[in-house]
Amino acid sequence: MVQGQAMNDVTAPSVAGAAATTTEAGRSANAIETHGLARRFGTTEAVAGLDLTVPRGSVFGFIGPNGAGKTTTIKMLLGLLRPTAGRAGVLGYDLATGSLAARARIGYVAENADLYGYMRVREIIAFTRGLYPRWDDQLVARYLELFGLPKDRAVKALSKGMKAQLALILALGPVPELLILDEPTSGMDPLARKQFLSTILREVAAAGQTVFMSTHILSDVERVADHVALLNRGRLVLADSMDHLKENVKKVRVVLAGGAPDDLGRWPGVRAVAREGRGWLISVESRLDEVRGRLQALDPSYLEVVDMTLEEIFVDYAGGERLVLG
Amino acid sequence: MRENRWKVWSYAAVLLVTAAITAFTFNYLGQMLQGAPVPKWAQGQLAAQLAAYPGYAWANWFGKNLYQMATLYLILFGMTAVASEVSRRTSSFLWSKPVPRGTVLFSKWLSSAAVYAVITVLGTLLLYPLSLAAGHGYAIGRHLAALPLVIATGLVVLSLTYVFSVLLDDAVKAGGATALALLFLSLPSWFQKTRHWSLFYYFTAGPVAEDGSPHWGFVFLMVVLAAAVYAVAQRLLERKDF
């Protein structure tokens, strides 16, 4: 758990502490910090006590099934929704008081990239330009050329992929320190998706900007993200670096003639133990070598360490519920 | 404002046509109504209107057509201001920008108010040369005196529409709700004793009709009322979740 011990059962920092880490604008080491962030719609808890830390300069995959609370979280980070509890800081600004200043440094691509259809491409660029304190015309021109977007075409006449590309250009125009993408590749064909993600990696992440990308398409996350968090039913169930996750989160299949020790489930690094035929399937989330060593000391008749795909990891962490995957 | 272009042009066109009809139909209306079955209660009012062009022009312009058209178009201008951002799903794009919600709302309100005021003034001014061309004259000063009150009262209608546009996420519903609210506000005008309490008494420049004075006090009152109603809309917007 490199990124902020984000599990819900981990003791959350105090609200006062959260404020202290986020009020000094621009000095925070993290692009996003949330502490106990929650949003309720009637009786539905869309986001529940979210403690999340997104390091600056990271490409952060924010994943979860449909309805997990990803968009609600993003809307709270952008000041579009008010939290019912908790606090959030973005780029060092406490959102309760500095949302406007934070937004000047954020580029945002909304789900489905809904833009003003009656405007032409050059008009919506000019319109958006007027809403930001700084704007990079050369960068916008370069991306327009890269994506081959016709300036004089009406936005409503663009394909879904082209709209997403235009939305990305509009989000990058103000040279944001943080780029928030909400399901950006949803509905795109594979080629457009690849180009879109390549652009993010090549241009944005390489420039040191932070990318916070919500998606339910795990292959997108695997392609670009270096950190990942899983949200399920409004709760954060996993947050880690991708490397740490792939190296340490494994399954160990073991058959022990003498039976499994009673405390196996409580071994450090062991997350869960399940009976599988004559043996056991052990979910390990850290200290793999130590767990393997202890198992080998029990003289197993069979021991196998099984690599897990990102999909398997998240299905496992989501409590056995299958994610909607692309 | 670009999305409202058709509304702007159609409001201008409607006022132009209304001014032309007012100016050029006076001579024929009396003849057309001769022998027509006019209800007894309306006969006196009709005879008074048709007795002289100045009264006819006033009654048709300020007493009937202008406030009706203005009400319709002010609702059309205002109902989309916020509600349409939600229904066409551009609200996340707009409100995530580093501009205070109040600034965006006020710029929308101001552009609609300016368009409404300019077209209303131009339409009212246009009635004069059209009337002269039709062979009629009237004291234009009285018409000019009525404009501040008509425009200020229109701003109340616009602000009220903004309240519903913020409250309801559907422009048509916002327009309908505004129309219902205005219908309610018009109730006092149905009775002679309470007509001064109706918004439409001022929208039809009732006080100006009585003595020809601009009634700046009422103009100020309407501006304050418009500002207060607008403040409600802005307050609601600041607290609104998107």
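Residue numbering note: each chain is counted from 1, following its sequence as written. Both sets of labels track the order of writing: A upward for chains, 1 upward for ligands. It should be noted that, the model being predicted, local features are given only for residues of pLDDT at least 70 and side-chain atom pairs only at 80 or more, the latter also being counted only at that level, while totals for whole chains, interfaces and linings use all residues. Side-chain figures throughout are based on the complete set of non-hydrogen atoms in the structure, without hydrogens or water.

## Some remarks on the overall build of chain B
Phase 1: Secondary structure follows DSSP: runs of H or I at least 4 residues long count as helices, runs of E at least 2 residues long count as strands, and numbering of each begins at the N terminus. When you go through chain B residue by residue, the secondary structure sums to eleven helices and zero strands.
Phase 2: Of the regular secondary structure in chain B, the N- to C-terminal order runs α-α-α-α-α-α-α-α-α-α-α.
Phase 3: A simple rule labels every residue: compare its accessible area, found with a 1.4 Å probe on the protein chains alone, to the largest value its type can have, and call it buried under 20%, exposed over 50%, or partly exposed in between. Scored against the burial criterion, the 242 residues of chain B give a buried share of 50%.
Phase 4: By definition in these notes, contact holds between two residues if any of their heavy atoms fall within 4.5 Å. Counting only contacts in chain B whose residues sit at least 6 apart along the sequence, the fraction spanning at least 24 positions is 77%.
Phase 5: Exposure was quantified through the Shrake-Rupley algorithm and a 1.4 Å probe, taking into account, for residues, occlusion by the shown protein chains and nothing else. Accessible surface computed for chain B: about 11,300 Å², of which carbon and sulfur atoms make up 70%.
Phase 6: Positive and negative charge centroids in chain B, built from 17 and 8 side chains respectively, lie 4 Å apart. Positive charges come from Lys and Arg alone, negative charges from Asp and Glu alone, with His and the N- and C-terminal ends not counted. Here the site of a charge means NZ on Lys, CZ on Arg, CG on Asp, or CD on Glu.

## Digging into the side chain of B:Asn60
All names here are of chain B.
Phase 1: Relative to the helices and strands, Asn-60 resides in helix α3 (residues 53-79).
Phase 2: In this structure the side chain of Asn-60 is engaged in a polar contact, spanning 3.3 Å, whose partner is the side chain of Lys-64.
Phase 3: Apart from residues no more than four positions distant in its own chain, Asn-60 is found in contact with Thr-22, Gln-49, Asn-65 and Leu-66. Here a polar contact means two N or O atoms within 3.5 Å. Within protein one must be a hydrogen donor candidate and the other an acceptor candidate, and residues neighboring in sequence count only if both atoms are side-chain atoms.

## Topic: the interface of chain B and chain A
Phase 1: Between chain B and chain A, the contact holds 21 residues from the first and 27 residues from the second.
Phase 2: For the pair chain B and chain A, the two sides together bury roughly 2,200 Å², of which 55% comes from carbon and sulfur.
Phase 3: Each salt bridge in this description consists of a side-chain nitrogen of Lys or Arg and a carboxyl oxygen of Asp or Glu lying within 4 Å of one another. The tally of links between chain B and chain A comes to three salt bridges.
Phase 4: With its nearest N and O atoms 3.1 Å apart, the salt bridge here joins B:Arg89 to A:Asp114.
Phase 5: Taken together, the links from chain B to chain A amount to nine residue pairs in polar contact (both at pLDDT 80 or more). Accessible-area loss on putting two parts together, using a 1.4 Å probe and summing over both, is the definition of buried area adopted here.

## Remarks on the environment of B:Ala13
All names here are of chain B.
Phase 1: With respect to the secondary-structure elements, Ala-13 resides in helix α1 (residues 5-33).
Phase 2: Ala-13 sits in the partly exposed class, given a relative accessible area of 37%.
Phase 3: With 189 residues separating them along the chain, Ala-13 and Tyr-202 place their C-alpha atoms 24 Å apart.

## As for the domain arrangement of chain A
Phase 1: Domain delimitation follows an automatic or database domain assignment. Each domain of chain A was delimited in the assignment, giving domain 1 (12-240) and domain 2 (250-307).
Phase 2: Between the C-alpha centres of domain 1 of chain A and domain 2 of chain A the distance comes to 40 Å.

## Looking at the sheet that holds strand β12 (residues 270-276) of chain A
All names here are of chain A.
Phase 1: For two strands to pair, DSSP has to find at least two bridges joining them. Spatial ordering of the open sheet is given by β12-β13-β11-β14, a layout of four strands whose pairing is antiparallel. Among the strands making up the open sheet, the edge pair consists of β12 and β14 (302-307). Sheet twist, expressed as the mean angle between neighbouring strand axes with direction ignored, is 20°.
Phase 2: Where β12 meets strand β13 (residues 279-284), six bridges bridge the pair, whose relative direction is antiparallel. What sits directly across from Arg-275, in β13, is Trp-280. Interaxial angle, 0 to 180 degrees, is taken between N-to-C directions of lines fitted to C-alpha atoms, where a helix line uses only the stretch in contact.

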